[in-house]
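Each chain, letter by letter, is given below.
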Amino acid sequence: MKRNTVVLFVVLFLLAGFGWAGWANWEYRKQAAARAAAMAAPAELVMAAEGDLPPSILPLMHKPAPDFTLEDLSGRKVSLANYKGKAVLVNFWATWCGPCKQLTPALEKVVRAAGGRVKLVKIDIDKNRGLVQQLTQLGLPLQSVPTVAAFWQGQIADLFQGALPESEVKRFVEGLLKLTGGSMPAADLLAEARAALEAGDAEQAGEIFSALLQQEPENPDAWGGLIRALLALGQEEQAKQALARVPAKLAEHAEIAGARSALALAEEGRQASGKLSALEARVAADPADHAARYELATALNALGRRDEAAASLLEILRRDRRWNEEAARLQLLKFFEAWGVEDAATVAARRKLSTLLFS
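All of the points below concern the structure found in this document. Since we're looking at a predicted model, the values are computed, not measured.

How each quantity is defined
Residues numbered from 1 in each chain as written. Predicted model: local features only at pLDDT ≥ 70, side-chain atom pairs only at ≥ 80, totals over all residues. Heavy atoms only, no water. Phe/Tyr/Trp six-rings, centres within 6.5 Å; stacked < 30°, edge-to-face > 60°. Helix = DSSP H or I, 4+ residues; strand = E, 2+ residues; numbered from the N terminus. Buried < 20%, exposed > 50% of the residue type's maximum accessible area, 1.4 Å probe, protein only. Core = buried A, V, L, I, M, F, W, Y, C linked by side-chain atoms within 4.5 Å. Contact = heavy atoms within 4.5 Å. Axes fitted to C-alpha atoms, helices over the stretch in contact; angles between N-to-C directions. Parallel < 35°, antiparallel > 145°, perpendicular 65-115°, else oblique. Left-handed = near helix turned anticlockwise from the far one by under 90°. Disulfide = S-S within 2.5 Å. Salt bridge = Lys/Arg side-chain N within 4 Å of Asp/Glu carboxyl O. Nonpolar A, V, L, I, M, F, W, Y, C, P; charged D, E, K, R; others polar. Expected span 1.5 Å × (residues − 1). Arc of directions from axis to C-beta. 1 Å grid on protein atoms, 1.4 Å probe; cavity = no way out; pocket = protein on both sides within 12 Å on 5 of 7 lines; lining within 4 Å. Points joined across faces, edges and corners; volume = space filled by probe spheres on them.

What follows deals with the packing of aromatic side chains. This structure, assessed with the given rule, holds four aromatic pairs. Connected via pairs of aromatic rings, a cluster forms that spans F335, F336 and W339.

Geometrically, the link from V145 to P146 is a cis peptide bond, its omega value of 0° lying close to zero. Within the secondary structure, P146 is located in the loop between α3 (129-138) and β6 (147-152). Positioned with a positive phi, N324 is a non-glycine residue whose angle comes to about 50°. Mapped onto the fold, N324 is located in the loop between α12 (306-319) and α13 (327-339). Phi angles above zero are rare outside glycine, and E326 is one such case at about 60°. Along the polypeptide, E326 turns up in the loop between α12 and α13. When its relative accessible area of 26% is taken as the criterion, E326 is described as partly exposed.

Further remarks concern the nonpolar core. Within the largest apolar cluster, 53 residues are counted, with the highest numbers of intra-cluster contacts made by F209, I227, L332 and F335. Excluding anything up to four places from it in sequence, F209 contacts L190, A193, R194, L197, D221, A222, G225, L226 and A229. With 21 residues, the next largest nonpolar core counts F92, L140, V145 and L159 among its residues.

Interaxial distance between α12 and α13 falls to 9 Å at its minimum, and their mutual angle equals 155°. Here α12 is positioned roughly antiparallel relative to α13, judged by the angle of their axes. Here α12 runs over α13; the crossing is left-handed. Taken together, the residues of α13 that come into contact with α12 (itself represented by R306, A309, A310, L313, L314, I316 and L317) are A328, R329, Q331, L332, F335 and W339.

What follows concerns the state of the cysteines. One pass over the full model with this rule turns up one disulfide. Residue C97 pairs covalently with C100 via a disulfide, S to S 2.4 Å. On the sign convention where negative means left-handed, the S-S torsion of about 85° between C97 and C100 marks this disulfide as right-handed. This pair shows no difference in class: C97 is buried, exactly as C100 is.

Applying the stated criterion across every chain yields a total of 19 salt bridges. In this structure, the salt-bridge partner of R270 is E236, at a minimum N-O distance of 2.7 Å. Residue R270 is located in helix α9 (residues 254-273), and its partner E236 is located in helix α8 (residues 236-245); the two are separated by 34 residues in the primary sequence. Its relative accessible area of 47% is what places R270 among the partly exposed residues.

Across the interface, helix α7 (residues 220-232) lies against α8 with an axial gap of 8 Å and an inter-helix angle of 165°. On the basis of the axis angle, α7 is roughly antiparallel to α8. When the axes of α7 and α8 are compared, the crossing they make is left-handed. Here α7 contributes W223, L226, I227, L230 and L231 to the contact with α8, which in turn contributes E236, Q238, A239, A242, L243 and R245. Per-class residue counts for the contact of α7 with α8 are eight nonpolar, one polar and two charged.

For the rest of this paragraph, the subject is helix α6 (residues 202-215). For α6, spanning 14 residues, the distance from its first C-alpha to its last is 20 Å, which sits close to the expected 20 Å at 1.5 Å a residue. Inspection of α6 places A202, A205, G206, I208, F209, L212 and L213 among the buried residues, and these make up the whole buried set. Viewed along the axis of α6, the buried residues span an arc of 165°, placing them on a single side of the element. Looking at α6, the residues exposed on the side facing more than 90 degrees away from the buried face are E203 and Q214.

This paragraph deals with the layout of surface pockets. Estimates place the volume of the largest pocket at around 1200 Å³. Forming the boundary of the largest pocket are 30 residues, of which L197, R228, R306, A338 and W339 lie nearest the centre. Those elements giving two or more residues to the lining of the largest pocket turn out to be α5 (185-198), α6, α7, α9, α11 (290-302) and α13. A per-element tally of the lining of the largest pocket places α9 first, with seven residues. Along the lines of polarity and charge, the residues of the lining of the largest pocket split into 13 nonpolar, seven polar and 10 charged. Considering only enclosed or pocket space, the second largest pocket measures out at about 740 Å³ in volume. Together, 23 residues line the second largest pocket, and K170, E174, E216, E218 and N219 are the ones closest to its centre.

Here is the structure:
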């Protein structure tokens with residue numbers, strides 16, 4: 001009897017041991033799977049509009065977030081309350097998370113470019129389980145990392161999950177700054193450069209565009225602006241060199257395409273502008289001389305007489321829409337691209353073109 005009791009005890013002990021080992025293995029596999037899913041999960045950008053936010057976040061919107069301790073980029077312990085009046089990005093991360101390691105450099109680079117207008121702090125979810133649990137219960141989706149939450153005036157304003165590329169991180173931060181009534185320093189420089197170019201100070205504009213490119217070498221607006229400024233200064237060769245230095249992945253950007261068209265038109269116009277009087281005489285002598293009128297439009301554009309240039313091409317279209325395989329319409333579209341969609345001459349001529357084509 002005694003021997004049977006001992007055997008039974010041993011069997012139960014072994015079963016308990018196997019059971020515990022099985023549970024531990026299952027728990028390990030579950031955590032490993034969760035980590036793998038977090039690392040493999042595609043980046044998801046959640047915009048701040050309430051209709052786009054997951055239901056779990058809605059209770060946090062427009063309500064004070066709980067104050068909690070964070071670690072800034074220098075390793076100092078700070079609380080969320082320390083940053084009232086500042087836009088704050090809170091990066092929830094983990095040491096085992098591969099996408100976190102990919103995202104962090106992009107986050108830090110964009111925040112540095114913001115020039116102190118945005119603060120970045122980080123929370124290691126493994127070292128702050130209590131806080132993570134508290135925030136999860138309040139509705140913040142911290143089941144996977146990286147998760148970056150944006151706070152403004154002590155409230156959650158926006159968030160994204162996954163390792164977004166730098167361009168998307170920049171767009172996210174720009175949206176956050178817009179919400180606060182601010183903008184990236186680069187946006188301020190760009191606005192200043194464009195204002196200088198519109199005011200006729202191409203030299204000042206070129207200097208600002210160049211300074212901006214030092215900060216953001218892949219900014220298509222700065223490259224396009226620099227090329228246009230060089231053209232305005234009559235430095236056509238330097239404009240060609242600048243166009244050749246534009247990163248290949250920006251080649252089809254609308255701003256680069258517009259600058260390229262402006263450069264091509266400048267070359268055509270330089271050749272035609274010397275014949276302006278002769279072209280005007282030819283058109284006056286024979287209004288049906290579409291080739292002369294076409295060249296005249298190119299010359300007028302080179303001289304900055306945009307309305308007259310557009311009028312010349314529109315006149316060809318009025319007389320013979322299909323002349324030279326619709327060359328007048330195609331040249332007018334090139335003008336629009338070079339001038340920009342918001343240019344007054346573009347807006348006026350596009351309206352007239354639409355009336356002409358669809359009347």
